Amino acid sequence: MFRLKKLGMGNNASQLEKELGAEPISANERYYGLVNFGNTCYCNSVLQALYFCRPFRERVLQYRVENKRAKENLLSCLSDLFFNIVSQKKKLGTIAPKKFIARLRKENEAFDNFMQQDAHEFLNYLLNYIGDTLQAEKAGLNSPNGTSAPSKPLPAVEFRNGGLNSNGEKVDLTWIHEIFQGTLTNETKCLNCETVSSKDEDFLDLSVDIDQHTSLSACLRGFSSTETLSSEQKYFCETCCAKQEATKCMRLKKLPKILAIHLKRFKYVDQLSRYTKLSYRVVFPLELRLFNTSNDCLNPEKLYDLVAVVVHCGSGPNRGHYISIVKTSNNVWLLFDDDVVERIEPSAVEDFYGLTSDLQKNSETGYILFYQTRE
Amino acid sequence: MALSNMSGDASSQSTLDIKQHFVTREGYYRNLPTYEYSRPNRPSGIHAFTGSQPPNLPVKISLVRVPDDDTGYADRILFNVGREIFLYAFKSIWEAPDLSRPVDRQIHKALPTCHDINRLNCSAQGCSTVVGFNTGSFQVSDPRKEPHFYNEDRLLDKTKVTCVKWVPGSTQQLLVGFASGQILHCDDSLPWSSTLPSYQAHKHGDGFAVYTCKSRTPRNPMYRWTIGEGSLDAFAFSPCSKFLATASHDGFLRVFLFETFDLIGTAKSYFGGLLCVGWSPDSKFVCAAGEDDLVHLFSIDSRKIVARGRGHRSWITAVAFDPMTSCLASSSVPASTSNGPVPPSRLPVSNSKDPPAPAQTAQRIITYRFATVGQDTQICLWELTDDIVKQSTYPRGRGGSLMINGPVSGLSVPPKSVPAPAPKRVLPLIGNRSAASAAAKSKKEEQERSAQEKKEKEEVNKAPLGSPLCPKLEDVPLLEPLVCKRIAPERLNDIVFHDDCILISTQEGVIMTWCRPGRALPNDSSSRQNSCSN
């Protein structure tokens, strides 16, 4: 745990409550830290960020009402946890997500240990799990029990792509897809006959490569930059019926309501035979529009607001700590460090952009960014 | 596990791709490492702040030219590094600076964030400076008296000072901008009250308000402006001194007639905050840039964005026009005809008491050269040419169609019979001016106007995309940079054009001197062969 600023909830809470009380009374929000059950900060940070993605929170809470008699599953545990938070009398406090963690460990053996996990992997697992569960329920099946569907090994996340539906095919859309799912279109242009073929692919989050001294926009543009397929990578063109040189470009065709962007900060270094962290400074704005949309994109100029960031603190993927920063409904920024809640200035968001020199080993860097469409 | 499997990792590998020169059609620009300004005794070759990050505050440059120069180098350069402020005699490319002998050096408790030197009273004997700090205080110093700190008690504003500027033509008046979105217009010769001044509304409009001190005798602050939402990141006076342009974190560029507080133009970033703003030498264009990685060019004549530029890979921190390489129309074309007849209502300059400065109207600039620097450690040089401006300017003097750039969503296009096509958003100008001329207008009218303005403000904040305020990407020309080069290992903070060189500051506290083409250095023969005749 690298954050030294661990203040107890005690004195801090009353002060914070006072500060938050001074804000205009909004949706009667609750701000609850989550107790760490031994390296569960990867889970806590993602849950906090998702809690402050309001469309998600609303649907999760609704699930509880609609599925009262359902068998316990990870989604029902999450729904109970969120309900537990919103039904608290006090504005601030701490909650132990015991049931959720226990269920998570039961559902997926990859998380059934006390090791540090990857927050993005967890997010991916959770969103896919919820999608599968809802689809299974929709299909009239019982909610998956511990041994069925989502317990298969974690979906290996392909390069540049977040979670696909674990079946890899289009099924009924559930609310998880309504909120997080966007569509990428992969356009390949044969340089011989100039035929463009495009293939669509759905995603729940985008994984983008990063570079030193860049902005999120630049990374997203890099994600959609045109690639030339030549020599050994030649593309089989069906019009030419032969292998041809081609250009390939991946752009966004449908923009999701909540755009989750995963910055690929962990990189495998061959010489070291391990993953290292890229602490590059990647600036992300509070307001975002995308440049890398396809020509047939329906609403390419959607304006997004940053609502939450999962931050990785430390030097590598298997050590360190996760925290999250979130924007509350009255534009106050809060930092959740497991059970600790702190208020931060909006300008302090820039502390999590990253580092510009390699001299420092530890860094606190934005890792997963959640942008929500402005209504 | 989703992990990066890309091998391309050029930026962190080395400093090999950091350029020491770049070429344009006028020739060869090169970095002169021995002509760098920095804090004295900076460990060379090593990271200036070993083991830690450079301080988060940008290094800014203030430069003045001292015309009356009989004592050697009277030009002055002022810059901040960490807690320190340095003032040096500026020797351009004629002599390498002696960093051990600054004219002035100050170490402050608070962190300096911005500064300005007064152009009027600067001489080899001294100059008036103003320095803003992260605590909200600002310091005014003058060669004749002790430096004085203001707002040390943070009564007037608690947020950091983001920008300070002397009011053109004054040795006493200055503007101080804050992260709260406030600008204080102060006069160093007026008294300051020790309590929080009570303000009264003076003027307000679309997204801004101006207040004065409720007092029988003049006192500071003379005026208090509140502009936009969130931080005010930068402001700049036009070279003609008539306009004030502001760049705010709410993404808005606002252009005011400084004397009358009239908002004459508004534009918005594509998304995110605007961080810097700069004027063309003829005061006809404003360039603003920031968190959308784009540069936005705003025309004062047509009151809209006429072009954007894309080249940076991160946020843009500073912009400056280059008067030296901005090309003038050939002298055979009389300026009056080439400029075309301009309806008086469209040209705010003609309404003011002073005639426009002759130097700015005698010759017409047809190609504007400007430069931007950013957090991507790159410099980009841009050119805005006449034909690009024409491409996106409204037809003048005729009742032609208002939008030549395609339909505007949400806004109704006025019928073709409207005689003077003016963008809808400049309405406050007319409203404010009539109110100013007839001071005794009824309060009701005033209220109606403010209601109207409020409504407009809401409209503006809602969805300006696709309007002249914020055209869609495809609706205005998208420029590509002439030159786009990585020139430093760290973020670039500021850029200033000088006759012989370009000065660029980096986050590490270095001010690079880039020699212009064709300038021969003393004892340097290599520069001649590198220079280019055209």
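Basis of the calculations
Residues numbered from 1 in each chain as written. Chains lettered and ligands numbered in written order. Predicted model: local features only at pLDDT ≥ 70, side-chain atom pairs only at ≥ 80, totals over all residues. Heavy atoms only, no water. Helix = DSSP H or I, 4+ residues; strand = E, 2+ residues; numbered from the N terminus. Contact = heavy atoms within 4.5 Å. Areas by Shrake-Rupley, 256 points an atom, 1.4 Å probe, with all protein chains shown as cover. pLDDT = per-residue confidence, 0-100. Buried < 20%, exposed > 50% of the residue type's maximum accessible area, 1.4 Å probe, protein only. Pairing = 2+ DSSP bridges. Axes fitted to C-alpha atoms, helices over the stretch in contact; angles between N-to-C directions. Salt bridge = Lys/Arg side-chain N within 4 Å of Asp/Glu carboxyl O.

**Student:** Please clarify how the overall build of chain A should be interpreted in this entry.
**Tutor:** Each helix and strand in chain A was counted, giving eight helices and 20 strands. Sequence-distant contacts, at least 24 apart, represent 71% of the contacts inside chain A between residues at least 6 apart. Summed over its atoms, the accessible surface of chain A is roughly 16,000 Å², and 49% of this surface lies on carbon and sulfur atoms.

**Student:** Is there a simple way to think about the confidence of the model for chain B in this case?
**Tutor:** Caution is warranted with low-pLDDT regions, since their predicted coordinates should not be read in detail. Residue and element names in this part refer to chain B. Taken residue by residue, chain B gives an average pLDDT of 78. The fraction at 70 or more is 71%. When the criterion is pLDDT under 50, residues 394–443 qualifies, and its contacts beyond four places in sequence or with other chains add up to 66 contacts. Taken as a whole, residues 525–534 scores under 50 in pLDDT and shows 14 contacts with residues more than four places along the chain or in a different chain. Confidence metrics for the complex model read pTM 0.83 and ipTM 0.88.

**Student:** Honestly, the pairing of strand S28 (residues 378–385) of chain B in this entry has me stumped. Any pointers?
**Tutor:** Successive residues of a regular strand alternate their side chains across the two faces of the sheet. Residues and elements named next belong to chain B. In terms of burial, S28 is a largely internal element, eight of the eight residues being buried. Side chains Gln378, Cys380, Trp382 and Leu384 of S28 all project onto a buried face; the interleaved residues Ile379, Leu381, Glu383 and Thr385 project onto the opposite face, where all are buried too. Relative to S28, strand S27 (residues 365–374) is paired through seven bridges, and the arrangement is antiparallel. Looking at S28, one finds that Tyr368 is bridged to Leu384. Following S27, the chain reverses through three residues before pairing antiparallel with S28; Thr377 in that reversal takes a positive phi of roughly 65°.

**Student:** I tried to follow the sheet that holds strand S17 (residues 232–237) of chain B on my own but got confused; where do I start?
**Tutor:** Either a parallel or an antiparallel arrangement is found when strands of a sheet pair, and the pairing is made through backbone hydrogen bonds. Residue and element names in this part refer to chain B. With antiparallel pairing, the four strands of this open sheet are ordered in space as S17-S18-S19-S20. Only two strands of the sheet have a single partner each, and these edge strands are S17 and strand S20 (262–268). Direction aside, the axes of adjacent strands within the sheet are offset by 20° on average. Bridge analysis of S17 against strand S18 (residues 243–248) gives five bridges, and the strand direction is antiparallel. What sits directly across from Phe235, in S18, is Thr246.

**Student:** For this particular structure, what's the right way to read the pattern of salt bridges?
**Tutor:** Any two side chains of opposite charge can pair, on the condition that their charged atoms come close. In total, this model carries 34 salt bridges over all chains according to the counting rule given. Here Asp500(B) ties to Arg519(B) by a salt bridge, and the two come within 3.0 Å at their closest N and O atoms. On the criterion of sequence distance, the pair formed by Asp500(B) in the loop between strand S31 (492–497) and strand S32 (501–506) and Arg519(B) in the loop between strand S33 (511–515) and helix H7 (526–530) is long-range, its members being 19 residues apart. When salt bridges with common partners are traced through the structure, they connect Glu287(A), Asp305(A), Arg374(A) and Lys268(B) into a single cluster.

**Student:** What's the story with the environment of Thr162(B) in this structure? I'm lost.
**Tutor:** Residues and elements named next belong to chain B. Relative to the elements of secondary structure, Thr162 occurs in strand S11 (residues 161–166). Under the relative-accessibility criterion, Thr162 is labelled buried at 7%. For Thr162 and Val66, which are 96 residues apart along the polypeptide, the C-alpha to C-alpha distance reads 26 Å.

**Student:** Hey, could you run me through the pairing of strand S16 (residues 304–314) of chain A in this one?
**Tutor:** Residue and element names in this part refer to chain A. Where burial is concerned, most of S16 is hidden: 11 out of the 11 residues are buried. Across two bridges, the pairing between strand S15 (residues 287–288) and S16 is antiparallel. If you follow Glu287 over to S16, its bridge partner there is Asp305. Inspection of the sheet shows S16 paired to strand S20 (residues 363–373) by 10 bridges, in the antiparallel sense. Within S20, the residue paired with Gly314 across the bridge is Ser363. Where S16 folds back on strand S17 (residues 321–327), the antiparallel hairpin that results is connected by six residues, among which Gly320 adopts a positive phi of roughly 100°.

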